[in-house]
Each structure stands twice: as structure tokens, then as C-alpha cells.
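# A closer look at the structure
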Amino acid sequence: MGKVAYNNPRFFDFVYDDFLCAAVDSHIAQSGVLFHSLTKESVWELFEITGVLAELKKRGYDSFQLDLSGSDDTYQKLILTFQNEILVHLRLSIQEYRIRLNDYFFKEKYLVVNWLQTRHPKQEGRDSTRLYPGQDVPGLGIFPEMSDLIGFLIISLRLNGAVIRPEYFHDAVLFSRKFHFLEADSKALYQALRTTFPKHSIRAISTLLQHGKIVDAKRGVIEWKPIEMIFFLEKSLNFFVFNRKFEKKVSKILSTYKLSLVEGAEAELGLNT
């Protein structure tokens, strides 16, 4: 299995100017151009070079349709389908973030992944109790390839990194391999969930959260809300932004958590710990 995108030399050695199209002035919705910078053919090429299409073919999908829609930086949608079934769904925007660097702030533009979903409808016959929250069919299991895709979109659009907003706890676990929690509060909650329930699976914790079955002694029922996680193209920024001061703040908040499960929650939801 190939390395995930950010450890893979091809991510950084890639020459993207060859398939960048000229700036597009049209603001007509569904123009077929992603952020007025990438043609539909260029996006197809990204799916090809990152191995997404190859992995889909291994899973039994042999023909695809790519749809791009959106008219400005605030909303773009990318959908890859097979026989009218969604396989990959991305909702993207470009946003300027104000990042604190020690005692200074700097602004840069980032690719924002507001929604990321992969679906494997050919496996829809699997036990529905094994699905993660938010799934109607199992996922495709192509995190390395999707990471590559996000990485190449960053450099292709000449941005400084990416921000992703995990809708569910299990998504945050997946992206924590390469992304950092932007806010100390979010990281503290994440760590509290991971350390308090070490014998529970990620799916179990995510399911318990989704059904309001995890409570804190002071905060009451814990709700997982979409949080922001960031990836800097310039990796050295991690050491300055997520420094000792940031980690101290995380530790202080973490110490205030006292989590527990609602009595009978696991039996009610049919979870195996």
C-alpha cells in the first residue's frame, strides 16, 4: 500500500502548472470549472494520478461520471458517480484564515473541505448495525488516495493548506493523522473521548455521541459538532502555531472533563465494546 499523501514524495514533487487552465472570468453556475482555475479534465487527471480511480475499479466500479458545480469561492461541489450512485462527494470552498503565530497573526487562504463522503454501494448488503453514524452504505476505505487528492488540490489552486470540518467523531480520528485541531477546546474534547473510553471502538464512541449517550459531570450531554482541523503546506508552521502554550491550554481544558456513559446505553444501541 502506498504512503498517504503528505508523506509521499509525489505530493511535493508534482508539477501542477501543466494542467492549470487560464483564469476564468465567467461566473455562471455549473460552468464545469473548479474555482475558475481547474478544468474538468484537470480534476479527472487528479483522480487518476492519486489512485482514486484505480481503487474504485478494484472495488467493482468500471465507469464514472464527474459533476462539478458552483460559481464562486464560497461553494463548490464535486461528485463522482457510478450508475447514479454517489461514490465520492466533496463540498469545497476557499476561505481566508487568521492564524496566530506566537504573538502575531497572519492571514492566508486555505482550501476548506466542508463535506467529504465516500460510498461503497456494492456492499450495501452488509450488516447495517456495523455502519458508522452518517452512513447508509459502507465507506470505500480510500483515505490515502483521498488525502492525495486534497493535497494536490491545495497546490493546484496555489493555496497554503487545507481546513477540514469533520461532521462526526470517527472522521476526526481519521484526519487527525495529518491535520491539527485548530482550537484547543476541540482537541481537549477529542483527547477526553479517546482517553476515557480506551476499550471502546471508534465506531462505538461515535455512535454513542450521535445518540447523546456520553455525558460530562459539568457540561451535561456531550454533542459532537463539526470542528475545524488544519493542514499547513508549510509544515514548519506546526511548531509555531501548535506550540507549548497551545498544548498547555489543551491540558488545562482536558483536566476539566469527567465523562461517563448513560446507564444502559451500550445495550440499547447494540454496541460491543
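Summarised in this report is the structure supplied together with it. The structure displayed is predicted, hence computed values, not measured ones.

## Re the sheet that holds strand 12 (residues 259–261)
Reading across the sheet, the three strands line up as 10-9-12 and stay open at both edges, with antiparallel pairing between neighbours. Both outer strands of the open sheet, strand 10 (220–221) and strand 12, are each paired with one neighbouring strand and no more. Where strand 9 (residues 214–216) lies against strand 10, two bridges are found, and the strand directions are antiparallel. Paired with V215 across the bridge in strand 10 is V221.

## Details of helix 7 (residues 202–210)
Counting buried positions over the nine residues of helix 7 gives seven, a clear majority of the element. Against helix 5 (169–175), helix 6 (184–196), strand 9, strand 12 and helix 10 (265–269) lie the buried residues of helix 7. Trailing helix 7 by a residue or two, G212 shows a phi angle of about 70°, which is positive.

## A short note on the packing of helix 2 (residues 40–49) against helix 4 (residues 143–156)
Packing of helix 2 against helix 4 leaves a shortest axis separation of 9 Å and a crossing angle of 140°. Taken together, the axes of helix 2 and helix 4 are oblique relative to one another. At the point where helix 2 passes helix 4, the crossing takes the right-handed sense. Across the interface between the two elements, L46, F47 and I49 of helix 2 pack against L149, F152, L153 and S156 of helix 4. Among the residues forming the contact of helix 2 with helix 4, the class breakdown is six nonpolar, one polar and no charged.

Basis of the calculations
One numbering rule holds for all chains: residues counted from 1, following each sequence as written. Only residues with pLDDT of 70 or above have their local features reported here, since the model is predicted, and side-chain atom pairs are shown and tallied only from 80 upward, although totals for entire chains, interfaces and linings are computed over all residues. In computing side-chain properties, one takes all heavy atoms of the structure into account and sets aside hydrogens as well as water. Should DSSP find at least two bridges between two strands, the strands are regarded as paired. Each helix is a run of DSSP H or I of at least 4 residues and each strand a run of E of at least 2, with the numbering of both proceeding from the N terminus. Under the scheme applied here, a residue whose accessible area is under 20% of the maximum for its type counts as buried, over 50% as exposed, and between as partly exposed, the area being computed with a 1.4 Å probe on protein chains only. When checking whether two residues touch, look at their non-hydrogen atoms; a contact exists if any pair is within 4.5 Å. A fitted line through C-alpha atoms serves as each axis, taken over the contacting stretch for helices, and the angle formed by two N-to-C directions is quoted from 0 to 180°. In these notes the angle categories are as follows: under 35 degrees is roughly parallel, over 145 is roughly antiparallel, 65 to 115 is roughly perpendicular, and the rest is oblique. Left-handed describes a crossing whose near helix is turned anticlockwise from the far helix through less than a right angle; right-handed describes the clockwise counterpart. Polarity classes work like this: nonpolar for Ala, Val, Leu, Ile, Met, Phe, Trp, Tyr, Cys and Pro, charged for Asp, Glu, Lys and Arg, and polar for all others, with Gly in that last group.

Function cannot be inferred from these measures alone, as they are strictly geometric.
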